[in-house]
Amino acid sequence: MSTATDPAAGRAAGCERATAPAPTTGRIHSWDLSTGVDGPGTRFVLFVSGCPLLCLYCANPDTWHMRDGREATVDEVMAEIEKYRAFVTTAGGGVTVTGGEPLLQPAFTGEVLRRCKEAGLHTALDTSGYLGSRATDELLADTDLVLLDIKSFDVRTYRELTGGELAPTLDFARRLDRLGKRVWIRYVLVPGWTDSPDAVYGLARFLAGLGTIDRVEVLPFHKLGAAKYDALGVPFRLRNTPTPGPDLVGRVRDQFRELGLNAY
C-alpha cells in the first residue's frame with residue numbers, strides 16, 4: 001500500500017498552521033491585590049506599562065515606558081487571575097486594568113477585559129481618557145466600570161501637569177455617557193495646581209451634566225513615589241509641594257456635592 005502524502009492535503013494542513021492566531025501579548029509592569037481603591041470590593045489589579053502622559057504627581061513613573069515592562073500573554077494573565085477568583089468574587093470585587101495607560105495597548109487590554117467578562121468577573125478600566133478614541137465599543141461593552149482620571153479642568157494647568165491636552169478626556173467622558181457606561185471620577189487634589197475653586201466648580205458643572213457619574217473621588221496628593229523618581233534619576237518637580245490638609249480636601253469635596261455629585 002502506498003504511503004505517499006497527498007500534496008493537496010499537505011498544502012491544506014500547512015495553510016491551517018500558517019493561519020493559526022498568535023497569542024495576544026502586552027507589556028505589563030506588575031499585578032497586585034487592593035481593597036476599596038481601584039473599584040468596588042477586593043480587586044485583582046493589572047498594571048500595564050506605557051503612558052502618553054507624564055503627570056508631575058504620578059506615583060508610578062516606573063510604568064511610563066513600555067520598554068521597562070515585561071511581555072506577557074493574555075493566557076498568562078488569566079492564569080494568574082484565576083488563582084484569586086474565589087477571593088475577589090467573595091469580597092464583591094473583580095479585575096481592574098490600570099497602568100500606565102491601558103488604552104496605549106487596546107488589543108491586549110480589550111482581550112483581558114473580554115476574557116474576564118466571559119469568566120463572570122466584574123471589570124474596571126482605569127484610564128486618563130486621553131486615548132479614549134482607541135477604546136472600541138466592544139472593549140467598553142466588556143467594561144463594567146470606568147475609573148476616569150481627570151487631572152484638571154483648566155486647559156493650561158492640564159497641559160503643564162501632564163504634557164497633554166484636556167479635550168480628549170472630556171470627549172471620552174461624553175462618549176461614556178452616551179453609551180450609558182458607569183463612571184467613577186478620580187481627581188487628584190494638588191495644592192497650588194488643582195485646588196482652584198473656579199476650576200473645581202467648572203469640572204463639577206461638567207460632570208453634573210452627565211448621567212452616568214456614580215461618584216467623584218477626591219484623592220489627596222502624596223509623595224509616596226518620590227523614591228522611584230530618585231531611583232530613575234528623574235526630577236520630581238512636586239517634591240516641595242505640600243500635601244492638602246483636611247480643610248482643603250473637605251472644601252473641594254463640598255464643591256462637587258453642591259452640584260449633586262457623590263464625592264468622597
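Residues numbered from 1 in each chain as written. Predicted model: local features only at pLDDT ≥ 70, side-chain atom pairs only at ≥ 80, totals over all residues. Heavy atoms only, no water.

### Some remarks on the nonpolar core
Here is step 1 of the chain: If you look at the biggest cluster of nonpolar residues, it comprises 66 residues, and the most contacted ones within it are Leu46, Leu207, Val216 and Phe256.
Here is step 2 of the chain: Once you skip the residues sitting within four places of it in the chain, Val216 turns out to touch Ile185, Leu207, Phe256, Leu261, Asn262, Ala263 and Tyr264. (Core = buried A, V, L, I, M, F, W, Y, C linked by side-chain atoms within 4.5 Å. Buried < 20%, exposed > 50% of the residue type's maximum accessible area, 1.4 Å probe, protein only. Contact = heavy atoms within 4.5 Å.)

### Focus: the pairing of strand S5 (residues 122–127)
Here is step 1 of the chain: Summarising burial for S5: five of the six residues are buried, a large majority.
Here is step 2 of the chain: In the sheet, strand S4 (residues 94–98) pairs with S5 via four bridges, with the strands oriented parallel. Residue pairing for S5: Val95 is matched across the bridge by Thr123.
Here is step 3 of the chain: Here four bridges tie S5 to strand S6 (residues 145–149), and the two strands are oriented parallel to one another. The residue of S6 that forms the bridge with Asp126 is Leu147. (Helix = DSSP H or I, 4+ residues; strand = E, 2+ residues; numbered from the N terminus. Pairing = 2+ DSSP bridges.)

### Quick notes on the pattern of salt bridges
For side chains bearing opposite charge, pairing can occur when the charged atoms are close.
Here is step 1 of the chain: In this structure the tally under the stated criterion is 20 salt bridges.
Here is step 2 of the chain: Put simply, Glu118 and Arg114 hold a salt bridge, and the shortest N to O gap is 2.8 Å. Residue Glu118 and its partner Arg114 are both found in helix H4 (residues 106–118); the two are separated by four residues, about one turn of the helix.
Here is step 3 of the chain: Linked by salt bridges that have partners in common, Asp38, Asp126, Arg186, Arg215 and Glu217 make up one network. (Salt bridge = Lys/Arg side-chain N within 4 Å of Asp/Glu carboxyl O.)

### Re the side chain of Ser152
Here is step 1 of the chain: Positionally, Ser152 belongs in the loop between S6 and helix H6 (155–162).
Here is step 2 of the chain: With relative accessibility at 1%, the residue Ser152 sits in the buried group.
Here is step 3 of the chain: Only 3.1 Å separates the side chain of Ser152 from the backbone nitrogen of Asp154, close enough to count as a polar contact.
Here is step 4 of the chain: Beyond its immediate stretch of four places on either side in the chain, Ser152 contacts Thr157, Tyr158, Leu161, Leu166, Tyr187 and Thr194. (Polar contact = N/O pair within 3.5 Å; in protein donor to acceptor, adjacent residues only side chain to side chain.)

### Points about the pairing of S4
Here is step 1 of the chain: When you tally the buried positions in S4, you get five out of five residues, the bulk of the element.
Here is step 2 of the chain: The sheet contact formed by strand S2 (residues 42–48) and S4 spans five bridges and is parallel. What sits directly across from Leu46, in S4, is Val97.
Here is step 3 of the chain: Read from S4 through H4 to S5, the crossover connection turns out right-handed. (Right-handed = clockwise from strand over helix to strand, strands pointing away.)

### Notes on the environment of Leu147
Here is step 1 of the chain: Note on placement: Leu147 falls in strand S6.
Here is step 2 of the chain: Judged by relative accessible area, Leu147 falls into the buried class, the value being 0%.
Here is step 3 of the chain: Note: C-alpha distance between Leu147 and Gly129 (18 residues apart in sequence) is 9.4 Å.
Here is step 4 of the chain: The contacts of Leu147, once residues within four sequence positions are left out, are Asp38, Gly39, Thr96, Leu125, Asp126, Thr127, Trp184 and Arg186.

### Observations concerning the sheet that holds strand S7 (residues 182–189)
Here is step 1 of the chain: With respect to topology, eight strands assemble into an open sheet ordered S3-S1-S2-S4-S5-S6-S7-S8, the strand pairing being mixed. Taken across any chain shown, the strands that pair with only one partner, and hence form the sheet edges, are strand S3 (70–73) and strand S8 (213–220). Direction aside, neighbouring strands of the sheet carry axes that sit 30 degrees apart on average.
Here is step 2 of the chain: Across the face of the sheet, H4 comes into contact with strand S1 (25–35), S2, S3, S4 and S5 while running at roughly 160 degrees to S5. (Axes fitted to C-alpha atoms, helices over the stretch in contact; angles between N-to-C directions.)

### Observations concerning the confidence of the model for the chain
Here is step 1 of the chain: Averaged over the chain, the pLDDT score is 93; the fraction of residues at 70 or greater is 92%.
Here is step 2 of the chain: In this model, residues 1–5 is a region of pLDDT below 50 whose contacts with residues beyond four sequence positions or in other chains number zero contacts. (pLDDT = per-residue confidence, 0-100.)

### Remarks on the packing of aromatic side chains
Two aromatic rings, taken as a pair, are described by how far apart their centres are and by the angle between their planes.
Here is step 1 of the chain: Within the structure shown, the criterion is met by six aromatic pairs.
Here is step 2 of the chain: Measuring from centroid to centroid gives 5.9 Å for Phe153 and Phe206, while their planes differ by 35 degrees, and the two rings are tilted. One end of the pair, Phe153, is in the loop between S6 and H6; the other, Phe206, is in helix H8 (residues 197–208), and 53 residues separate them in sequence.
Here is step 3 of the chain: In this structure Phe153 comes out as partly exposed when scored by relative accessible area, which is 23%.
Here is step 4 of the chain: Overall, Phe206 belongs to the buried group, its relative accessible area being 13%.
Here is step 5 of the chain: For the ring pair Tyr187 and Phe256, a centre distance of 5.9 Å and an interplane angle of 75 degrees mean the geometry is edge-to-face. (Phe/Tyr/Trp six-rings, centres within 6.5 Å; stacked < 30°, edge-to-face > 60°.)

### A few points about the packing of helix H2 (residues 74–83) against H4
Here is step 1 of the chain: The N-to-C vectors of H2 and H4 enclose an angle of 40 degrees; their axes lie 10 Å apart at closest approach. When the axes of H2 and H4 are compared, the pair comes out oblique. For the element pair H2 and H4, the recorded crossing hand is right-handed. Taken together, the residues of H4 that come into contact with H2 (itself represented by Val74, Asp75, Val77, Met78 and Ile81) are Phe108, Glu111, Val112, Arg115 and Cys116.
Here is step 2 of the chain: Taken together, the residues that form the contact of H2 with H4 break down as seven nonpolar, no polar and three charged. (Parallel < 35°, antiparallel > 145°, perpendicular 65-115°, else oblique. Left-handed = near helix turned anticlockwise from the far one by under 90°. Nonpolar A, V, L, I, M, F, W, Y, C, P; charged D, E, K, R; others polar.)

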